[in-house]
Structure formats: C-alpha cells, structure tokens
Amino acid sequence: MYHKYKNVERVKPSGLELQDHLVGVQRVTKVTKGGRAFGFSAIVVVGDGNGVVGHGLGKSKDVASAIAKAIEDAKKNLVRIPIIKQTLPHEQKGKFGGAKVFLKPASHGTGVIAGGAVRAVLDSVGVHDVLSKSQGSSNPHNVVKATFDALLQLRSASMIAKERGISLEKVFKG
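Along each chain, residues carry numbers from 1 onward, in the same order as the chain's sequence is written. Totals for whole chains, interfaces and linings use all residues, but because this is a predicted model, local features are given only for residues with pLDDT of at least 70 and pairs of side-chain atoms are given and counted only at 80 or more. Note: side-chain values were computed over all heavy atoms of the structure, leaving out hydrogens and water.

Taking an unreviewed UniProt entry as the reference, the protein is identified by name as Small ribosomal subunit protein uS5 belonging to Lutibacter oceani. UniProt positions are given in the numbering used here, feature names are shortened, and annotations may be inferred rather than shown by experiment. Regarding the protein, the UniProt comment filed under Sequence similarities (unreviewed entry) reads as follows: "Belongs to the universal ribosomal protein uS5 family." In its Subunit (unreviewed entry) section, UniProt records this for the protein: "Part of the 30S ribosomal subunit. Contacts proteins S4 and S8."

(A) Up close: a nonpolar patch on the surface. Patch membership is restricted to residues that have no salt bridge and whose relative accessible area is over 30%. Joining uses 9 Å for like charges and 5 Å for the nonpolar side chains Val, Leu, Ile, Met, Phe, Trp and Tyr. To measure how exposed things are, a 1.4 Å probe is used in the Shrake-Rupley method; for residues, cover is taken only from the protein chains shown. Salt-bridge detection follows one rule: a side-chain nitrogen of Lys or Arg within 4 Å of a carboxyl oxygen of Asp or Glu. A grouping of L22, V25 and V63 is seen on the molecular surface, where their side chains present a nonpolar patch of about 210 Å² in accessible area. With respect to the element layout, V63 can be found in helix α1 (residues 63-76). Buried means the residue's accessible area, taken with a 1.4 Å probe over protein chains only, is under 20% of the maximum for its type, while exposed means over 50%, and partly exposed covers the values in between. Note on V63: relative accessible area 32%, which makes it partly exposed. Helix and strand assignments come from DSSP, with helices taken as H or I runs of at least 4 residues and strands as E runs of at least 2, each series counted from the N terminus.

(B) A look at the packing of helix α2 (residues 116-125) against helix α3 (residues 140-152). Helix axes are fitted only over the stretch in contact, all axes being lines through C-alpha atoms; the angle between N-to-C directions runs from 0 to 180 degrees. Contact geometry of α2 with α3 gives a least axis separation of 8 Å together with a crossing angle of 45°. With respect to their mutual orientation, α2 and α3 come out oblique. Crossing of α2 against α3: the hand is right-handed. Side by side, α2 and α3 meet where A117, V118, V121, L122 and V125 of the first sit next to P140, V143, V144, T147, F148 and L151 of the second. In what follows, roughly perpendicular refers to angles from 65 to 115 degrees, roughly parallel to angles under 35, roughly antiparallel to angles over 145, and oblique to any angle outside these ranges. Helix crossings fall into two classes, left-handed where the near helix is turned counterclockwise from the far one by less than a right angle and right-handed where it is turned clockwise. Contacts are assigned to residue pairs with any non-hydrogen atoms lying within 4.5 Å of each other.

(C) Local environment of the sheet that holds strand β6 (residues 92-96). Here the rule is simple: two strands pair whenever DSSP picks up at least two bridges between them. Overall, mixed pairing links the 4 strands, which are arranged β6-β7-β9-β8 in an open sheet. Looking at the sheet topology across the chains shown, the edges are occupied by β6 and β8 (112-113). With 5 bridges joining them, β6 and strand β7 (residues 99-105) adopt antiparallel strand pairing. For K95, the partnering residue across the bridge sits in β7 and is K100.

(D) Seen up close, α2. Counting buried residues along α2, 7 of its 10 residues qualify, which places the element largely inside the surrounding structure. Buried residues of α2: A117, V118, A120, V121, L122, S124 and V125, and no others. Just past α2, the residue G126 takes up positive phi, approximately 105°.

(E) Spatial organisation of the domain arrangement of the protein. One can read the domain layout of the protein as domain 1 (9-79) and domain 2 (83-173). Computed from C-alpha coordinates alone, the two centres of domain 1 and domain 2 are separated by 22 Å. Listed per partner, the contact involves 18 residues of domain 1 and 14 residues of domain 2. Counting every contact that joins domain 1 to domain 2 gives 0 salt bridges. In protein, a polar contact means a hydrogen-donor-capable atom and an acceptor-capable atom, both N or O and within 3.5 Å, with residues adjacent in sequence counting only if both atoms are side-chain atoms; elsewhere, any N or O pair within 3.5 Å suffices. On the surface where domain 1 and domain 2 come into contact, there are 4 residue pairs in polar contact (both at pLDDT 80 or more). Going through the elements one at a time, β2 (19-32), β3 (35-47) and β4 (52-60) are the ones with two or more residues in the side of domain 1 that touches domain 2. Amino acids outside the nonpolar list (Ala, Val, Leu, Ile, Met, Phe, Trp, Tyr, Cys, Pro) and the charged list (Asp, Glu, Lys, Arg) are all regarded as polar, and Gly is one of them. Tallied by class, the residues present in the side of domain 1 that touches domain 2 amount to 8 nonpolar, 9 polar and 1 charged. Domain limits in this description derive from either an automatic procedure or a database domain assignment.

(F) View of the sheet that holds β3. With antiparallel pairing, the 5 strands of this open sheet are ordered in space as β1-β5-β4-β3-β2. Of all strands in the sheet, those with a lone pairing partner are β1 (9-10) and β2, marking the two edges.

The following block contains the structure:
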C-alpha cells in the first residue's frame, strides 16, 4: 500500500494506545431479483496522537461489524508521520483520485483548521496546529487517502540529513 513512498516507517499496533475516529458510514444498495439488499461500508482512522496513524475500510451487512472490520484494517496499515512541535515540518500537497489536499504548518495556538475527513486524520496523528484546504472531490474515502498521500511525503530535517549523508547543521546552513 505504501510502496511508492520513501522512508515510510511501518508500525506494529501492539503496545500502542490507539484511538479510532469514524470518518463515514455509507449505505450500499444492491438490487437483486428478490428486492434490494442493503450493506454498509465504513471508513475509520486510528492513531495514537503521537505521530502514528492508519486508515481502514470495512464492509458488512450491519453497521457495527463494518466499523469493527474497518478498525482491524486500519490497525494493519499503521505508519509513523514526522511531527515537530505539534505541527508539520513543511507544507505539502496530496492527491488521490479527484481529491486534492493541501497541508500547511501553523504557529502554536492556531489549532486544526480542517474539514471533516482531513480533521479526523490530523487529530489521529496528533497535529495540533495546522492549516489545510481540501479541493476537488469531497468523497471521504478519497479525501482520507489524499491526506495520507500528503502526510507520507513529509520529511523531517533529520531524515533529509540522513538521506543526503550530511550533518543536520549543513541542511539548514547550506
């Protein structure tokens, strides 16, 4: 799932205090010769509030089991996101399908300026000060994945220094 991103640190769910945020539940209808068959799909974001986050999709005939399946799926896809002083290291754009998300770090005290699905992801990550703009599609599935696209492209100064093989001071002073 995260094979196209560099420096993605996968995390095991054991020993983490994970909180789940329900992003959305959709009722899906399948028309058969005997009438309509209803099912539900749920998208959930889980995170520890300290840089570890994952998202999952669950489908079932009833809402409760769809949410439970989504939480289990989210726990299988946990990744670590770099956070500096409760905000992001730099601004970043993410895209998935028709959804585009722009994330920008903010000064202390700003809060999370974000809409529904983006807010759920940022709250789960543990970012407290950030500005965001969601453009294009408002489909929660695609917005969550676009937000993850932006977050997975983030790199801290220490990651950049290690990647280039230079000291941390040289990254800032050139």
